[in-house]
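So you can see what is in the structure, the chains are spelled out below.
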Amino acid sequence: MKEELDLIRAKCLNCEKCELSKSRTNVVFSDGVPNHKIMLIGEAPGYWEDQKGIPFVGKAGQLLDKIFASVGFTRNDIYICNTIKCRPPENRNPLPEEKEACFNYLKAQIDILKPKIILVCGNVALNTMLPEERGITRARGKWFDGPYGSKMMPIFHPSYLLRNDARTKGSPKWLMWQDIQEIRREYDKLS
Ligand code: URA
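Residues numbered from 1 in each chain as written. Predicted model: local features only at pLDDT ≥ 70, side-chain atom pairs only at ≥ 80, totals over all residues. Heavy atoms only, no water.

**Some points on the overall build of the protein chain**
Item 1. Looking only at helices and strands, one finds nine helices and five strands in the protein chain.
Item 2. From first element to last, N terminus to C terminus, the protein chain shows the α and β order α-α-β-α-α-β-α-β-α-α-β-β-α-α.
Item 3. By the compact-globule yardstick of 16 Å for 191 residues, the protein chain fits well, its C-alpha radius of gyration being 16 Å.
Item 4. Seen along its three principal axes, the alpha-carbon backbone of the protein chain occupies a region of about 45 × 35 × 30 Å.
Item 5. Across the 191 residues that make up the protein chain, the buried fraction comes to 50%.
Item 6. Put simply, of all contacts in the protein chain between residues at least 6 apart along the chain, 72% involve residues at least 24 apart.
Item 7. Accessible surface for the protein chain amounts to roughly 9,700 Å². Of this, 51% is attributable to carbon and sulfur atoms.
Item 8. The positive charge centre, built from 30 side chains, and the negative charge centre, built from 24, are 4 Å apart in the protein chain. (Helix = DSSP H or I, 4+ residues; strand = E, 2+ residues; numbered from the N terminus. Rg over C-alpha atoms; globule rule 2.2 N^0.38 Å. Buried < 20%, exposed > 50% of the residue type's maximum accessible area, 1.4 Å probe, protein only. Contact = heavy atoms within 4.5 Å. Areas by Shrake-Rupley, 256 points an atom, 1.4 Å probe, with all protein chains shown as cover. Lys, Arg positive; Asp, Glu negative; His and termini not counted. Charge placed at Lys NZ, Arg CZ, Asp CG, Glu CD.)

**Structural notes on the side chain of Thr 83**
Item 1. For Thr 83, the position within the fold is in the loop between strand 2 (79-82) and helix 5 (96-113).
Item 2. Only 2.7 Å separates the side chain of Thr 83 from the backbone oxygen of Gly 42, close enough to count as a polar contact.
Item 3. In this structure Thr 83 touches Ile 41, Gly 42, Glu 43, Cys 102, Leu 106, Val 124, Ala 125 and Thr 128, once residues within four positions along its chain are discounted. (Polar contact = N/O pair within 3.5 Å; in protein donor to acceptor, adjacent residues only side chain to side chain.)

**Observations concerning the nonpolar core**
Item 1. By size, the foremost hydrophobic cluster in this structure holds 56 residues, and its most contacted members are Leu 40 and Ile 41.
Item 2. The element best represented in this core is helix 5, accounting for eight residues.
Item 3. What Leu 40 contacts, discounting residues up to four positions off in sequence, is Phe 56, Leu 64, Phe 68, Ile 78, Tyr 79, Ile 80, Cys 81, Leu 119, Cys 121 and Ile 155. (Core = buried A, V, L, I, M, F, W, Y, C linked by side-chain atoms within 4.5 Å.)

**Points about the site of the ligand**
Item 1. Every residue close to the ligand is listed here: Gly 42, Glu 43, Ala 44, Glu 49, Pro 55, Phe 56, Asn 82 and His 157.
Item 2. Contacts to the ligand include Ala 44, whose backbone N or O atom sits 3.2 Å from a nitrogen atom.
Item 3. Phe 56 has a polar backbone atom sitting 2.9 Å from an oxygen atom of the ligand.
Item 4. In the complex, the protein chains occlude 93% of the 230 Å² of accessible area that the ligand would expose alone.
Item 5. Along the lines of polarity and charge, the residues of the shell around the ligand split into three nonpolar, three polar and two charged. (Near = heavy atom within 4 Å. Nonpolar A, V, L, I, M, F, W, Y, C, P; charged D, E, K, R; others polar.)

**Focus on the packing of aromatic side chains**
Item 1. One pass over the structure, following the stated rule, counts four aromatic pairs.
Item 2. Between Phe 68 and Phe 73, the ring centres sit 6.5 Å apart and the planes meet at 90°, which makes this aromatic pair edge-to-face.
Item 3. For Phe 68, a relative accessible area of 1% translates into the label buried.
Item 4. Taking the centre distance of 4.9 Å and the plane angle of 85° together, the rings of Phe 73 and Tyr 187 count as edge-to-face. Here Phe 73 is found in the loop between helix 4 (59-69) and strand 2, whereas its partner Tyr 187 is found in helix 9 (residues 172-189), with 114 residues between them in sequence. Side by side, Phe 73 and Tyr 187 carry an identical accessibility label, which is buried. (Phe/Tyr/Trp six-rings, centres within 6.5 Å; stacked < 30°, edge-to-face > 60°.)

**Considering the sheet that holds strand 3 (residues 117-121)**
Item 1. Ordered by their spatial adjacency, five strands build an open sheet running 2-1-3-5-4, and the pairing between neighbours is mixed. With one partner strand each, in any of the chains shown, strand 2 and strand 4 (144-145) form the two edges of the open sheet.
Item 2. As paired elements, strand 1 (residues 38-42) and strand 2 share four bridges and run parallel to each other. Bridge pairing in strand 2 links Gly 42 to Asn 82. (Pairing = 2+ DSSP bridges.)

**Notes on the environment of Trp 177**
Item 1. For Trp 177, the position within the fold is in helix 9.
Item 2. Trp 177 gets classed as partly exposed once you look at its relative accessible area, which sits at 37%.
Item 3. For Trp 177 and Ile 78, which are 99 residues apart along the polypeptide, the C-alpha to C-alpha distance reads 17 Å.
Item 4. Leaving out residues up to four positions away in the same chain, Trp 177 has contacts with Ser 70 and Val 71.

**Examining the state of the cysteines**
Joining two cysteines, a disulfide is a covalent bond between their sulfur atoms.
Item 1. For the structure shown, the criterion picks out zero disulfides.
Item 2. Sulfur of Cys 12: no disulfide; nearest cysteine sulfur belongs to Cys 102 and is 5.8 Å away. (Disulfide = S-S within 2.5 Å.)

Note that every value here comes from positions in space, so none of it alone points to a role or purpose.
Structure follows, in structure tokens:
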């Protein structure tokens with residue numbers, strides 16, 4: 001599994017399939033330990049991810065780590081990657097042609113890992129993995145059938161939670177807390 005991923009990573013690091021390759025500092029391929037249990041798919045690298053070549057290391061990533069830690073997960077448990085491997089300028093939404101150019105890398109990551117649980121983090125990942133679903137607010141917290149018999153759950157993006165700080169019942173942060181506990185329960189059922 002690791003060797004196969006390393007081959008794809010090497011290809012990805014030299015990728016020039018779209019314009020983002022011209023403005024990137026680093027390709028951001030993945031973090032966490034490759035495993036067959038659980039994978040998180042985010043949106044695209046931001047400033048700090050582009051600087052360091054590692055997904056979710058900025059403010060949103062720090063919140064994501066806290067959310068994981070609240071149910072006892074670390075980056076050693078979850079393989080983390082993004083829909084788009086290079087930073088879009090000014091963190092704009094990726095263009096359709098950029099998504100298309102990058103899709104085969106994400107597909108390869110899924111094909112190699114065949115994770116049993118896939119966390120679909122935010123609208124960009126949702127539009128890629130579940131294009132028929134109409135937005136993260138409706139889709140979050142539900143299990144959907146994913147590739148290779150996996151269970152996929154859309155979850156809010158941590159950047160959204162940074163902008164919506166309330167923790168009252170029904171707030172985005174409160175909903176995320178419900179979702180991560182449900183994810184942990186499902187993870188604990190895996191052998
Ligand atoms: N947001 C994402 O979706 N991915 C990252 O790697 C960082 C921020």
